[in-house]
Each structure stands twice: as C-alpha cells, then as structure tokens.
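Okay, here's what each chain looks like letter by letter:
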Amino acid sequence: REILKCGRFDLKLDGLPLVMGILNVTPDSFSDGGRYQGLEFALSRAEEMIADGVDMIDVGGESTRPGSPSVPALEELQRVMPALYALRELGKPLSVDTCKPEVMREAILAGADMINDINAFRAPGALEAVIDSDCGLCVMHMQGTPQHMQEQPVYQDVVREVIEFLRERVDTMVAAGIERARICVDPGFGFGKTIEHNYALLRHLGQIRQELALPVLAGLSRKSMIGAVIGKPVEQRLAGSLAGALASVAHGARIVRVHDVAETVDALKVWRAATAD
Ligand SMILES: Nc1nc2[nH]c(S[C@@H](C(=O)O)c3ccccc3)nc2c(=O)[nH]1
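This structure is a prediction, so every number in the text was calculated from the model and none was measured. (Residues numbered from 1 in each chain as written. Predicted model: local features only at pLDDT ≥ 70, side-chain atom pairs only at ≥ 80, totals over all residues. Heavy atoms only, no water.)

Draft legend 1. Structural detail: the packing of helix 5 (residues 158-175) against helix 7 (residues 205-212). In contact at an axis separation of 10 Å, helix 5 and helix 7 are set at 35 degrees when each is read in the N-to-C sense. Judged by the twist between their axes, the crossing of helix 5 over helix 7 is right-handed. Along its contact with helix 5, which presents Val159, Arg160, Ile163, Glu164, Leu166 and Arg167, the element helix 7 presents Gln207, Ile208, Glu211 and Leu212. Taken together, the residues that form the contact of helix 5 with helix 7 break down as five nonpolar, one polar and four charged. (Axes fitted to C-alpha atoms, helices over the stretch in contact; angles between N-to-C directions. Helix = DSSP H or I, 4+ residues; strand = E, 2+ residues; numbered from the N terminus. Left-handed = near helix turned anticlockwise from the far one by under 90°. Contact = heavy atoms within 4.5 Å. Nonpolar A, V, L, I, M, F, W, Y, C, P; charged D, E, K, R; others polar.)

Following this line, the structure appears as structure tokens:
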C-alpha cells in the first residue's frame, strides 16, 4: 500500500521513509516542569523539527517510563491539548501518543491526524473514540503494562506472538468498521521485551510487514536496545539510533519515530541514494 490515511493528510509511503519527530509534553521533559514553559518549548521544538525536515510530530503527554504510574486523563489533557492547538497551524501531520479514549476523542476534535496508542486501542471505549474519524491509527505491541512490562519479558517465539497480537488487533478494528488504509503497525521496541527480543523483532520487520500487509512504524530512538549494544547513556546514542533507524528501514519500516530529526533525515537521504534502484 502506498498511502496511509491520516486525517487531513494522505501520507505517501512509496518515497523516502517518513520521519516522526518525538515531542514530549510531560513535565519531566522540561527543565522547570512548568506548563507554560512547556507550551513555549513545544512550539519552538516543533518549529525546529519542521525546519529539520520532519514529516509528522508525535505529541505525548504521559511518560511511559517502565515503572511509571499512569497519569489521570484530565492531567494528560491539560498537557496535550494546548500543544495540539498551538501546533495544528504548522501544517504538518500531528500524532498524539495516548492510550486514553477521553484523550483520543478530544485530540481528534482538536485536529490530531493520527492516534498513536501503545496499548493498541484495547482500553474500553478506545475503538469507539476513533471509529467515526479518519485519523491515522498506529497499533503497537506491548506485553503487560508500562508499570511491569520489563520485569521479566518471556515469549515462546517473540516474532510469531507479536505478529499474531497485531493481526488480532487489526482484524478487530477492521471488523468494527475501521478502514485498513488508516492503520499502521508497530512491534513496540522496549515494551515488554529483552534486548534479544527487540533485535529478533528488528531482524524480522519484513515478515511483520509481509504477513500483515500494513505499513510498519519503528521506534528505536535512544532506547535501551541501542544503549545495551554500544554501552552508552541515553544522551550519547545518536549514532546508534541512526544505525537503528537505517536497519529498520532496510527491513521494511516506512515510518521511524525519532528524537534526532535532522540527523535521521540526512541518514535516510544517503540511504535512499545508495539503495534506490
Ligand atoms: N508507536 C510508538 N510509540 C511509542 N512511544 C514510545 S515512548 C518510549 C520512547 O522511548 O519514546 C518510552 C518507553 C519507555 C519509557 C519512556 C519512553 N515508544 C514508542 C514506539 O516505539 N512506538
């Protein structure tokens, strides 16, 4: 498929792989944890990513740090909605990273072009919240919950189990009346996986795309699967993350979710020039 339907935008998937820039609007991602500075920060960061060539911006109001408690819907709304209103005039597709139906509903009304749900729209009311819109939907695999997912991830066959989970979620969504053209899938690197599980999934992204016949979104940027291999802390994972992004694309991912937009855009351009037939 060449197009991912995302609200106001039809994302073309047959060109350069798309770069989704990460924009955290959680207090722990600002220096002072303040909301106002947060909005100013969000706007300037978004404009910087756009100048750097980002294709879409993923706005997240709840830190999914392993072991982190869930944030109340109202709190998440208070973080996300001002950012959405400020960013939606920038003319770039906006994705909202949330599991909560209440946040999905408001985000869509405020013009979100995609809902990025690490919980694969399993919360009660999540499907109903997105069904009557045309926003894009990112369906991600997670084993367990952010609170406990990294305690002891176990699979018989991680690739098989992730594919079957995603297939079941997509089939359920399509059966509920959601258009396939709105859906992309994501193996959920770091969400209930060991380092080995993550690399098995990365090596088999092509199989995931093949069996589900859906675009794959990959989010490895600065994650522990990168850190474990290079032995570097999160602020020194740029080179590793670029290699991860290129590996994802080489294995068939069409969207990469990253922190370092300018560097990833450059890396993808060179990769494309080197592989275009
Ligand atoms: N679709 C999609 N959405 C995502 N949201 C995130 S949060 C992640 C991070 O490191 O950004 C993270 C994980 C754990 C703690 C903090 C932050 N990761 C993905 C992903 O891999 N795919």
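Draft legend 2. Just the pattern of salt bridges, in detail. On inspection of all chains with the given rule, the structure shows 16 salt bridges. When the shortest N-O distance is used, the salt bridge between aspartate 10 and lysine 5 registers 3.6 Å. Across the pair arginine 79 and glutamate 75 runs a salt bridge whose closest N-O atoms are separated by 2.8 Å. Here arginine 79 and its partner glutamate 75 are both found in helix 2 (residues 73-87), four residues apart, which amounts to about one turn of the helix. Overall, glutamate 75 belongs to the partly exposed group, its relative accessible area being 21%. Through salt bridges that share partners, Arg160, Glu164, Arg167 and Glu211 make up one connected network. (Salt bridge = Lys/Arg side-chain N within 4 Å of Asp/Glu carboxyl O. Buried < 20%, exposed > 50% of the residue type's maximum accessible area, 1.4 Å probe, protein only.)

Draft legend 3. Geometry of the nonpolar core. Counting residues in hydrophobic clusters, the biggest one holds 68 residues, and the most contacted among them are Leu84, Ile115, Phe121, Val130 and Ile208. At eight residues, helix 5 tops the list of elements feeding residues into this core. Those residues in contact with valine 130 that lie beyond four places of it in its chain are Met104, Ile108, Ile115, Phe121, Leu137, Ile178 and Arg182. Core analysis: the next-biggest nonpolar cluster, separate from the first, contains 13 residues, Leu11, Leu13, Met20 and Ile255 among them. (Core = buried A, V, L, I, M, F, W, Y, C linked by side-chain atoms within 4.5 Å.)

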